[in-house]
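# Reading the structure
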Amino acid sequence: MQRIDSSERIAAEFPDYLRDESRVTSPGAEALVWPRSEDDIRAALADARSHGWPVTVSAARTGIVAGCVPLCRGMILSLDKMTMLTALKHDPARDAWSLVCQPGTLLCGVQESADNLFRFYEPLWPDEARTAVQLARSRGIRLFYPPDPTEMSATVGGSVATNASGARTFKYGATRAFVRRLRVVLADGAVLDIPRGAVHAHNGVLTIPDRVIAVSAGRSYSIPVPTYRMPNTKHCAGYFAAPDMDLIDLFIGSEGTLGVISEIELDLLPRVKQRLSITAFFPDETQALHFVNEVRAGIRARALDVEALEFFGASALQLLRERRTPGDTAIPEIPDAGAAIYTELAYHDGALDDAFALLEQYLICCGSSTDTAWAGLEETEIKKMKLFRHAVPETINQIIGDRKRSLPSLHKIATDLAVPDDQLDTIMAFYHHQLDTAGLQYVIFGHIGNNHLHVNIMPRNEDELARAKLLYRAFAAKAIALGGTVAAEHGIGKLKTAFLADMYGPRGIAEMRAVKHALDPDNLLGRGTLFPE
C-alpha cells in the first residue's frame with residue numbers, strides 16, 4: 001500500500017488531496033494512504049487507531065461541501081486506486097443484472113463499460129461473470145446505470161456515500177434504489193457484507209447479525225433507528241431512517257462517517273426503449289412550470305414515459321446568450337424565450353410519432369411548440385443538449401473566477417434544496433421575490449422534475465456575498481417549512497452542518513450522533529462531516 005507519512009510532503013507534492021471542488025483547503029494531514037484492497041483499508045484504519053488520527057475518506061474529490069477535506073488533519077484514506085470492475089452478475093430468479101466494482105471506479109467508466117458490454121474486462125473475469133456477459137450479448141441487451149449522476153467523473157463509492165443523483169433520478173430514483181450489496185469496513189476493522197433485504201430494523205433497533213459480519217472485530221452492534229421522518233423529496237441530508245429500514249440503507253448517504261465502502265454491487269437495467277430528447281422554449285417561467293405539471297399528469301395517466309426534466313430560467317438563458325460566440329458548437333443560437341425545459345422522452349420502437357404528437361399537444365397548451373424546439377434521437381445529439389445544460393454552471397464559474405481576481409474572497413452561493421411536487425410554484429415565487437428585492441445577480445436552473453432547482457447567486461462585492469449567505473438560510477428555512485430538504489444531491493459535508501441542524505432540530509441531531517456512536521464510538525471516520533467539531 002502506497003503511503004506518505006510527511007505532512008510537509010503531502011502539502012508540497014499532493015495538495016489536491018487537501019481540498020475538493022468546494023475549494024475549501026485543509027491545513028494539512030499526518031498521513032496519506034492509497035489502499036488497493038479491503039485488507040489495505042483495514043490495515044490503514046488500524047494504523048490510524050494506533051496513532052489516534054481521524055480518518056477522512058477521499059477519492060475523486062468532486063464534492064462541493066468539503067466532505068473529503070481533512071480539516072481535522074489525521075489520515076487521508078484515498079480510494080482512487082481501487083478502480084476494478086470485478087464481475088457482471090445475472091440473477092435468473094429476477095432476470096436481473098448487476099455489476100460488482102471497487103469504490104474508486106469512475107461513473108463514466110461504469111457507463112462506458114456497460115455500453116460495450118464489458119469487452120475489456122471479460123477476459124479477466126471468473127467463469128460466472130463471463131457467462132453473464134455472453135448471455136447479455138446473445139439477447140442483444142444494452143445495459144445502463146439509471147441514476148446517471150450529473151458528475152460522471154465522480155466515483156461509484158462517492159456516489160453511494162452521498163446517495164448521488166442526476167437528471168434521470170426523476171424517473172429512476174437516486175443511487176440508493178440501485179445498490180444491491182455493499183461491503184463496508186467499520187472503524188474497528190470489522191467487515192460487513194450486506195445484501196439488500198438481509199437485515200431489517202426491529203422495534204426501533206438495527207442489530208447486525210453474524211451472518212453479515214465477514215470479518216469480526218470481537219464486538220456486537222446495536223444501532224438505534226432515528227425517529228425523524230424522511231422528506232417526500234429527492235434527499236441526501238443526514239442518515240436514512242425508517243421504522244423497518246434495511247441495514248444497507250444506513251450506509252448509503254452516510255458520507256463516509258459510518259464505515260469505508262470496499263465493494264459495491266449495483267443494479268443495471270436493460271435499455272428496452274429508445275429516447276427522444278427535446279429542449280423546448282416557453283414565453284415565460286410560469287408557462288414552463290405549467291408544462292412540468294402537465295407532463296407529471298401525463299405520466300400518472302401512463303400516457304408519457306419521461307426520464308428527465310431539466311429547467312433553464314430566464315436568467316440562465318440570458319447568461320448563455322451573452323456567453324455565446326458566432327459558430328459556438330456548445331451553445332446554439334437561443335430563441336427569444338423566457339424559459340426552457342429539457343425533456344427526455346422514452347418510447348418503444350414504432351411509437352415515436354405518437355409520442356412526439358402527444359408531447360406537441362402538451363407544448364402547445366403551454367405556449368410552446370416543437371417548431372422552435374431542439375430535438376435529437378441520436379446519443380451524440382443527446383450529449384450536445386447535456387453540454388448545453390452544463391454550460392450554465394460553467395459560465396457562472398467563469399464569471400465568479402474573473403471577479404475573484406480583484407476580490408479573492410468572493411464565491412458563488414449555490415443552493416441544493418428540494419420541495420414536494422405541490423410546493424414547486426411556491427418555492428419558485430419565493431426565490432424570485434427575495435432575490436429581486438435584494439437586487440442580487442442570480443441564475444436559476446436544474447432538476448425541475450424533482451423540484452430541485454439550483455439558485456446560483458453571483459455576488460459582486462463583500463456586501464452582496466454577506467446578503468447572499470443570509471438569503472440561502474432563508475431559502476433553506478422555507479424549503480424545510482414546505483416539507484422539503486436542505487440537501488437534495490450534494491450532501492451536507494462540513495459546510496452545511498448548520499442546515500442539517502435546522503432541518504432536524506436538536507433531537508434529530510442527537511439521534512444521528514447515537515447512530516454514529518454505535519458504529520464509530522471514537523469518532524474516527526469523517527470527523528466534522530454532518531456534525532461540527
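Above this note sits the structure.
Here the residue numbers are simple positions, counted from 1 along each chain's written sequence. Only residues with pLDDT of at least 70 get local features here, since the model is predicted, and only at 80 or more are side-chain atom pairs given and counted; chain-wide, interface and lining totals rely on the full set of residues. Remark: hydrogens and water are excluded; side-chain values derive from all non-hydrogen atoms of the structure.

### Let's talk about the overall build of the protein chain
Secondary structure summary: the protein chain contains 14 helices and 20 strands in total. Between the two quantities, the radius of gyration covers C-alpha atoms and the globule rule is 2.2 Å times the number of residues to the power 0.38. Relative to the globule expectation of 24 Å for 533 residues, the C-alpha radius of gyration of the protein chain, 23 Å, shows essentially globular dimensions. Dimensions of the protein chain along its principal axes, counting C-alpha atoms only, are 65 × 60 × 50 Å. Any two residues whose heavy atoms approach within 4.5 Å at even a single point are treated as in contact. Across the protein chain, the fraction of contacts at a sequence separation of at least 24, relative to all contacts at a separation of at least 6, is 74%. Each helix corresponds to a stretch of at least 4 residues labelled H or I by DSSP, and each strand to a stretch of at least 2 residues labelled E; elements are numbered beginning at the N terminus.

### Things to note about unusual backbone geometry
Located in the positive-phi region is Glu-255, a residue other than glycine, with phi close to 60 degrees. Looking at the element boundaries, Glu-255 is found in the loop between helix H7 (247-251) and strand S13 (260-270). The cut-offs for exposure are 20% and 50% of the maximum accessible area for each residue type, with area from a 1.4 Å probe on protein chains only; residues under the lower value are buried, those over the upper are exposed, and the others partly exposed. On the basis of relative accessible area, Glu-255 is assigned to the buried category, the value being 11%. Of note in this structure, Leu-530 is not a glycine but carries a positive phi near 75 degrees.

### Side note on the environment of Tyr-442
Topologically, Tyr-442 is positioned in strand S19 (residues 442-447). C-alpha of Tyr-442 to C-alpha of Arg-139: the two residues are 303 residues apart in sequence and 49 Å apart in space. Sequence-distant contacts of Tyr-442, that is, excluding residues within four places in its chain, are made with Ser-315, His-432, Leu-435, Asp-436, Asn-456 and Ile-457. Here a polar contact is recorded for every N or O atom pair within 3.5 Å, except that within protein the pair must consist of a potential hydrogen donor and a potential acceptor, and residues adjacent in sequence are included only if both atoms are side-chain atoms. There is a polar contact of 2.8 Å between the side chain of Tyr-442 and the side chain of Asp-436.

### Examining the sheet that holds strand S14 (residues 274-282)
Backbone-to-backbone hydrogen bonds join strands into a sheet, with any given pair of strands oriented parallel or antiparallel. Paired strands, in this sense, are two strands between which DSSP finds at least two bridges. If you trace the 7 strands from one edge of the open sheet to the other, you get S17-S14-S16-S15-S19-S20-S18, paired in antiparallel fashion. The open sheet has two free edges, formed respectively by strand S17 (374-376) and strand S18 (413-414), since each of these has just one partner strand. In this sheet, S19 lies alongside strand S15 (residues 306-312) in antiparallel orientation, the contact comprising 2 bridges. Bridge pairing in S19 places Phe-311 opposite Gly-446. Axes here refer to lines fitted to C-alpha atoms; in helices the fit is confined to the stretch in contact. Angles between the N-to-C directions go from 0 to 180 degrees. On the sheet, helix H8 (residues 285-300) packs against S14, S15 and strand S16 (339-347) and is oriented at approximately 170 degrees with respect to S15. Running over the sheet, helix H10 (residues 352-365) touches S14 and S16 and is turned about 20 degrees from S14.

### Let's talk about the side chain of Thr-169
Tracing the backbone through its elements, the reader meets Thr-169 in helix H6 (residues 169-172). Among the polar contacts made by the side chain of Thr-169, one reaches the main-chain amide nitrogen of Gly-166 at a distance of 2.9 Å. Once residues lying within four places of it in the same chain are set aside, the contact partners of Thr-169 are Pro-147, Ala-174, Lys-234 and Asn-450.

### Structural notes on the sheet that holds strand S2 (residues 31-34)
Taken in spatial order, the 4 strands make up an open sheet running S1-S2-S4-S3, and their pairing is mixed. Two strands lie at the open edges of the sheet, namely strand S1 (2-4) and strand S3 (55-58), each paired on one side alone. Direction aside, neighbouring strands of the sheet carry axes that sit 20 degrees apart on average. Pairing of S2 with strand S4 (residues 75-78), which is carried by 3 bridges, proceeds in the parallel orientation. When the sheet's bridge partners are listed, Ala-31 is paired in S4 with Met-75. Sheet contacts for helix H2 (residues 38-51): S1, S2, S3 and S4; angle to S4, the most-contacted strand, approximately 175 degrees.

### Looking at the pattern of salt bridges
Salt bridges, as used here, are contacts in which a Lys or Arg side-chain nitrogen is within 4 Å of a carboxyl oxygen on Asp or Glu. This structure, assessed with the given rule, holds 39 salt bridges. Two residues, Glu-38 and Arg-183, come together in a salt bridge whose shortest N-O distance is 2.8 Å. On the criterion of sequence distance, the pair formed by Glu-38 in helix H2 and Arg-183 in strand S8 (residues 179-185) is long-range, its members being 145 residues apart. Taking relative accessible area as the criterion, Glu-38 reaches 18% and is therefore assigned buried. The partner of Asp-91 in a salt bridge is Arg-94, with the nearest N and O atoms 3.1 Å apart. Residues participating in the shared-partner salt-bridge network are Glu-38, Lys-89, Arg-181, Arg-183, Asp-193, Glu-263 and Glu-265.

### A few points about the layout of surface pockets
Only protein atoms enter the 1 Å grid used here, on which a cavity is any set of points holding a 1.4 Å probe that cannot leave and a pocket is any open set flanked by protein within 12 Å on both sides along at least five of seven lines; residues with an atom within 4 Å of a point are listed as lining. Grid points are joined across faces, edges and corners, and a volume is the space filled by probe spheres set on the points. Volume-wise, the second largest pocket comes out at about 970 Å³. Surrounding the second largest pocket, 36 residues form its lining, Gln-111, Arg-168, Arg-275, Glu-379 and Lys-383 being those nearest its centre. If you list the elements that add at least two residues to the lining of the second largest pocket, you get helix H3 (107-115), strand S7 (143-144), S14 and helix H11 (379-406). Per-element tally for the lining of the second largest pocket: the top contributor is H11, with 8 residues. In this count, Pro and Cys sit with the nonpolar residues alongside Ala, Val, Leu, Ile, Met, Phe, Trp and Tyr, while Asp, Glu, Lys and Arg are called charged and the others, Gly among them, polar. A per-class count over the lining of the second largest pocket returns 17 nonpolar, 5 polar and 14 charged.

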